[in-house]
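Observations on the model geometry
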Number of protein chains: 2
Amino acid sequence: MQQFKSKIQDPFWSEYIRLVREVVVPYQWEALNDRIPEAEPSHAISNFKIAAGEEQGEFYGMVFQDSDVAKWLEAVAYLLENKSDPMLEQLADEVIDIVAKAQQPDGYLNTYFTLKEPGKRWTNLAECHELYCAGHMIEAGVAYYKATGKRKLLDVVSRFADYIDTVFGNEPDKLSGYDGHQEIELALMKLYHTTGNEKYLNLSTYFLDQRGAEPHFYEQEWEKRGKTYHFGEMNVFDRAYSQAHLPVRDQDSAEGHAVRLVYMCTAMADVAAENGDPRLLDACKKLWNNIVHKRMYITGGIGSMVHGEAFTMDYDLPGDTAYAETCASIGLIFFAQRMLKIAPDSGVADVMERALYNTVVSGMSQDGKKFFYVNPLEVYPTAHGKNRIYDHVKPERQGWFGCACCPPNIARLLASLGEYVYTIKDNTVYTQLYIGGELKLDLDGKSVQLEQESTYVTDGKVSFRVHTDEVVSFTLALRMPDWCDRVEAVIDGEKVEFTHGDEDGYIRLNRDWQAGEQVLLHFSMPILRMKGHPGVRQVFGKVALQRGPFVYCLEEADNGTGLYQLRLPVQSHCEVIPDDSLREGLNVILATGERCAPNQAEGWSNHLYRSDSQWHKENTTLKFIPYFTWANRGLGEMSVWVEES
Amino acid sequence: MQQFKSKIQDPFWSEYIRLVREVVVPYQWEALNDRIPEAEPSHAISNFKIAAGEEQGEFYGMVFQDSDVAKWLEAVAYLLENKSDPMLEQLADEVIDIVAKAQQPDGYLNTYFTLKEPGKRWTNLAECHELYCAGHMIEAGVAYYKATGKRKLLDVVSRFADYIDTVFGNEPDKLSGYDGHQEIELALMKLYHTTGNEKYLNLSTYFLDQRGAEPHFYEQEWEKRGKTYHFGEMNVFDRAYSQAHLPVRDQDSAEGHAVRLVYMCTAMADVAAENGDPRLLDACKKLWNNIVHKRMYITGGIGSMVHGEAFTMDYDLPGDTAYAETCASIGLIFFAQRMLKIAPDSGVADVMERALYNTVVSGMSQDGKKFFYVNPLEVYPTAHGKNRIYDHVKPERQGWFGCACCPPNIARLLASLGEYVYTIKDNTVYTQLYIGGELKLDLDGKSVQLEQESTYVTDGKVSFRVHTDEVVSFTLALRMPDWCDRVEAVIDGEKVEFTHGDEDGYIRLNRDWQAGEQVLLHFSMPILRMKGHPGVRQVFGKVALQRGPFVYCLEEADNGTGLYQLRLPVQSHCEVIPDDSLREGLNVILATGERCAPNQAEGWSNHLYRSDSQWHKENTTLKFIPYFTWANRGLGEMSVWVEES
């Protein structure tokens, strides 16, 4: 695989990365050490210290509490990769020392089973997330090694992976199991790519191959351990919940827990790319297509219900009871990135962009201190706490959660965002995202630096400049976004206009690039009136506005209460207005619209239903803001979709 | 209170009563005796036999299993009151003998606590339904005595009530408690009215007065019994769930479990009428108004969510996740009847009619063998079993339930329907429902028989004939239904037209009635386009059709799949067509309508979202059927509300 270094320097994204560095990671450190009085205790660092023999005490927290430390270390690694920070690195080194001491002589590493249930290792894979925690620590070890060159954690996780390899397999003396929550599979692929040790590739492949095999492992282990549950029946018997209902190559629809599915798909794509396994790649494509053609919110959110945090069925996308977990969209981005590495496809990158610019950034408040776990598309806060179908949906971002998966996941994605901007294949640089920064790589046997500058989110303008010591021949492939019908380009001083890309959706500039040569791009950003597939009953007859990568929404703060009474006429005049109040460089959309209301004279006060009520439409101006900026101005209604009139 | 006898003989309702007699009650008998292989075991009769010492064995079933036997006996009583049936009566006598033998020497009667938890009587009122079961047996005892003149069960329940009276009260040696599920209160009022014993009035008043008092009884008993739960926390700590969050006189909004609320309100109205308690009556009115002005489905269903089978808040009426339990609408009818006894008010009777002709009869299939517990207003069956927010909603009626509250409740309401047709006050006969049958009572000191004939549901025609031996002076008050704007009447051969009633909504005919004198009524039955209050976001922009007492709905069987794609234009031409296929004497409505669809050429197959999609409207004929007849033609979509265009 082509290696490259990609750093972010972007007016929109650098601020998020700054927040991760200055707010999220420090806050998370305090949380992991139980120094945030208002947050639920974490105890995650203490668990490791106790397991390391450095502290007295008992395990506390979720069975997967270790993964919070791993995700923190991974985010730290990405930050260090981008910018040296000796104090942060020292802190991480100290944590790694403790983690290393907590590792058992045989390589095993998990504080829950070491402290709380010694002797019960690997007895409840369906529920107890041992391999999931292992996967996160492996990802941290790989990232930390890449960032710092320090091998300590990499060696720890390699030893752990070596030990895992001795435990699992189809040999009679091994466990033919696999984790309830996929993660180890993609982590082992990272470990393989970093160490080159094929054992890890084979182990990852084994876990994927084994999933869904008969007789069913979750039931076998459940019988064996005396039919006990850690969380409950669903984890063991609802096979689709963990995508263990079928062998992975036979799965063609997105079922069960959304995060698990996309983590699994990420590993499937990794393994398919490595092994050249056409059936596995075919399953990846089928699952990808099922998600993005039938089971994804317009915001790139996935998971239509709280029960099992799961997919439901094709075209079932309720906005108000949505789950659309931040972590699931992050996983969708992982999956997209792997698919793009296999084959460039602008449609795949479009989905990556949709998830990133909408659900993922919606997941964090503008100050980096509060988070959405669930990302609804419609909220009527007065109904929350009253109608309990909304219990999982918070109308305002929350502080740290007891099950703190989303904030550290956002942190590690944003801190490593450079990895998602480009893919390189066959002497071609594919620009998947228009995010400013610096790409360094070797092309045509020469060292090249590609500098991207972007005010894409504001005005659709992007420039690329090639830095090289000598003429270098390569193709710069530019994704033609699905929302764009025209790009004005200036290449080496010459104006060109593109209305579409090649079959795979990229505009290819194949040149002998001179030092300093520049490409200027201006993407037209029409306001799009988006509609849903006619099978999506929840949005039928409605429209959502999109401009550039952003899906827009209506908020009570701008439009008053009763958003469901608003209508956007087919002939509405829509205008883009710069508005820095929510965040610098953003635009809002003002649209001529209508508010439906019964005639005042009707006097509805004591009527719940009546006949021959006359309704009229008052002209009003609707103000749409980018979806990700919602819920930053106090409690209020929000809706992405608005009825068309 | 004025006594009267009212029997049903009606082309619409007699068939239901026949079903109760020939199908429901016999089936229920088999179920209570565990002779229905496909139904969950009941064991209810066995529980009594074991407690009576006539059988060996253990208690089985819900903690409130006894109430199924009580409700069966009550329904049997009403059937016997209307038509002699020696074999049925013998069966009931035998059951009563067993119940009597199961009564403990001190008067206590409950098989769960007698068999399964002896010594634990009255330790968990919040959850264990002892007084609820007592109430149902009291209702049965009263009804059986009235129907047959036999005192045995009446004596049993009187002894039980006497014993309860020694247990509960504010004296230091008594328990200052009250039941989690209201029912005893209204039952004691029936016992009081039948026996004249004021002890029962006082005990009922006591239970109402005590509810919501501090310190909180449910928490006290929970502490006392060692903090255990029978069902779970909600029953003990969610005070509003059992309407125990405030003293009843301070409650002004309908909160918590819908059935409990309306059963409580029924007793409150009974006690207010008896004691002339203005604050209690005022609370009844506030609660009634809150329900019917802000928290009731157009079908007369109540309870907007499955969690707690409960109310949510004002104007929150989701159609697809509705609870709208059949029993709750039956309880609403009880409450309405009591309010009408206090003061005639056509609006109250309108609600009674709405609940009866829509939700209640929807609760039972046309063959009397299957039942709805939950009555949704919108169903997309493909989403059921997939999106778990619909788990409580069944798209088809079910056989007997484990918690078999609804079928026997339908049976006892229909078998006693005569009691709801009229109220008598101040020498005035108020016709609350236009249901054919015979009313016998004394008026003006003379014996009168009023014969109603009705084809109301078919063509709006009703006639009354007075049978008397001598001229009798009284007022016949005729409810002007809220859906009717004109009644053509022929009174003693003379044509009169009414467009409204008096202030309370009744047309009063005050005459010296001759024997054989007749009143013919022809209610105009326009097709009404009903709209919901603008605060009900779930139905905003939609209409429902109503004609006469029936709310109509669209079904897939008539209109194809994708009901959400249909539109009813403001100028739609609607036509009433007789259609006996669902049930004799019914009408369907054919309306010119539209089906929205994207243009064929767009090719949506691989798009989930797209911009600039053009939609067109195809003309189509929409067929609406009475709501209660839905789900009798196989699995399919259903919707009461349709988008207006």
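How each quantity is defined
Residues numbered from 1 in each chain as written. Chains lettered and ligands numbered in written order. Predicted model: local features only at pLDDT ≥ 70, side-chain atom pairs only at ≥ 80, totals over all residues. Heavy atoms only, no water. Axes fitted to C-alpha atoms, helices over the stretch in contact; angles between N-to-C directions. Helix = DSSP H or I, 4+ residues; strand = E, 2+ residues; numbered from the N terminus. Left-handed = near helix turned anticlockwise from the far one by under 90°. Contact = heavy atoms within 4.5 Å. Nonpolar A, V, L, I, M, F, W, Y, C, P; charged D, E, K, R; others polar. Salt bridge = Lys/Arg side-chain N within 4 Å of Asp/Glu carboxyl O. Buried < 20%, exposed > 50% of the residue type's maximum accessible area, 1.4 Å probe, protein only. Parallel < 35°, antiparallel > 145°, perpendicular 65-115°, else oblique. Least-squares fit on C-alpha atoms with pLDDT ≥ 70 in both. Phe/Tyr/Trp six-rings, centres within 6.5 Å; stacked < 30°, edge-to-face > 60°. Lys NZ or Arg CZ within 6 Å of the ring centre and 35° of its normal. Domains from an automatic or database assignment. Buried area = accessible area lost by both parts, 1.4 Å probe. Polar contact = N/O pair within 3.5 Å; in protein donor to acceptor, adjacent residues only side chain to side chain. Pairing = 2+ DSSP bridges.

Chain A is annotated in an unreviewed UniProt entry as Glycoside hydrolase family 127 protein of Fontibacillus solani.

All right, on to the packing of helix α13 (residues 258-275) of chain A against helix α14 (residues 278-294) of chain A then. All names here are of chain A. At a closest axis distance of 9 Å, the pairing of α13 and α14 adopts a crossing angle of 145 degrees. The chirality of how α13 crosses α14 is left-handed. Across the interface between the two elements, L261, V262, C265, M268, A269, V271 and A272 of α13 pack against L280, L281, A283, C284, L287 and I291 of α14. Its residues assigned to classes, the contact of α13 with α14 comprises 13 nonpolar, no polar and no charged.

Let's shift gears to the pattern of salt bridges. Residues and elements named next belong to chain A. Scanning the entire structure with this criterion turns up 98 salt bridges over all chains. Note that D209 is salt-bridged to R249, the shortest N-O span being 2.9 Å. Of this pair, D209 sits in helix α10 (residues 198-210) while R249 sits in the loop between α12 (233-237) and α13, and the two are 40 residues apart along the sequence. The residue R508 makes a salt bridge to D502 at a minimum N-O spacing of 2.8 Å. The exposure class of R508 is partly exposed, given its relative accessible area of 31%. D502 sits in the partly exposed class, given a relative accessible area of 38%. Three or more residues are tied together by salt bridges with common partners; here these are E555, D558, D579, K623 and R633.

Right, let's talk about the packing of α14(A) against helix α15 (residues 326-342) of chain A for a bit. Residue and element names in this part refer to chain A. Packing of α14 against α15 leaves a shortest axis separation of 12 Å and a crossing angle of 130 degrees. For the element pair α14 / α15, the angle class is oblique. Seen from above, α14 lies across α15 with left-handed handedness. Facing L281, C284, K285, W288 and I291 of α14, the residues of α15 in contact are L332, F335, A336, M339 and I342.

This brings us to the environment of E453(A). Residue and element names in this part refer to chain A. Relative to the elements of secondary structure, E453 occurs in strand β6 (residues 446-455). According to the relative accessible area criterion, E453 is partly exposed, its value standing at 49%. Residues E453 and E438 lie 15 residues apart in sequence; the distance between their C-alpha atoms is 8.8 Å. With residues up to four places along the chain from it excluded, the contact list for E453 reads G436, K461, V462 and S463.

Residues and elements named next belong to chain B. One can find L622 in strand β20 (residues 615-626). Along the backbone, L622 and L568 are 54 residues apart, and their C-alpha atoms lie at a distance of 8.1 Å. Residues within four places of L622 in sequence aside, it is in contact with L554, N559, L566, R567, L568, I589, L590, A591 and G593.

What follows deals with the relation of the copies chain A and chain B. When chain A is fitted onto chain B, the two copies agree to an RMSD of 0.0 Å after a turn of 180 degrees and an axial shift of 0.0 Å. Considering both components of the superposition, the chain copies are consistent with a two-fold axis. In terms of C-alpha distance to the rotation axis, chain A has I389(A) as its closest residue, with the C-alpha 3.6 Å off the axis. By residue overlap, the copies meet face to face through one surface: 100% of the interface positions of chain A are interface positions in chain B.

Tallied over the full model, the rule gives 83 aromatic pairs over all chains. Seen from their ring centres, W122(A) and F168(A) are 5.2 Å apart, and the 85 degrees between their planes marks the pair as edge-to-face. Of this pair, W122(A) sits in the loop between α5 (111-116) and α6 (125-128) while F168(A) sits in the loop between α8 (152-167) and α9 (184-195), and the two are 46 residues apart along the sequence. For the pair formed by W122(A) and F168(A), the shared burial category is buried. Considering the side-chain rings of Y178(B) and F217(B), the 6.2 Å spacing of their centres and the 45 degrees angle between planes classify their relative orientation as tilted. Pair noted here: Y178(B) is in the loop between α8 (152-167) and α9 (184-195) and F217(B) is in helix α11 (residues 217-224), with a separation of 39 residues, a long-range link. Both residues of the pair, Y178(B) and F217(B), belong to the buried class. Site record: aromatic cluster; members linked through ring pairs are F12(A), W13(A), Y16(A), Y357(A), Y434(A), Y456(A), F464(A), W483(A), F523(A), F550(A) and F628(A). The ring of W513(A) carries R511(A) above its face, with NZ or CZ at 5.6 Å from the centroid.

Residues and elements named next belong to chain A. By the assigned domains, chain A splits into domain 1 (40-245), domain 2 (247-420), domain 3 (423-523) and domain 4 (528-644). Distance between the C-alpha centres of domain 3 and domain 4: 37 Å. Taken together, the two surfaces of domain 3 and domain 4 that pack against each other cover about 560 Å², and 61% of this comes from carbon and sulfur. Ranking the residues of domain 3 by area buried against domain 4 places V457, T458 and W483 at the top, with a combined share of 88%. Counting the contacts that link domain 3 with domain 4 gives zero salt bridges. The interface formed by domain 3 and domain 4 contains two residue pairs in polar contact (both at pLDDT 80 or more). Broken down by class, the residue content of the side of domain 3 that touches domain 4 amounts to three nonpolar, one polar and no charged.

This part is about the sheet that holds β6(A). All names here are of chain A. What the seven strands build is an open sheet, ordered β1-β5-β6-β7-β12-β9-β10; its pairing is antiparallel. Of all strands in the sheet, those with a lone pairing partner are β1 (4-8) and β10 (494-498), marking the two edges. Taken over all neighbouring pairs, the strand axes of this sheet differ in orientation by 20 degrees on average, direction set aside. Sheet analysis places β6 next to strand β7 (residues 461-468), joined by eight bridges and oriented antiparallel. Across the sheet, residue L450 finds its bridge partner in β7, namely V466.

With that out of the way, let us pick up the pairing of strand β20 (residues 615-626) of chain A. Residue and element names in this part refer to chain A. Direction of pairing for strand β15 (residues 550-555) relative to β20: antiparallel, over a ladder of three bridges. The partner of Y552 across the bridge, within β20, is P626. Pairing geometry for strand β18 (residues 587-598) and β20, over 10 bridges, is antiparallel. Within β20, the residue paired with C596 across the bridge is K617.

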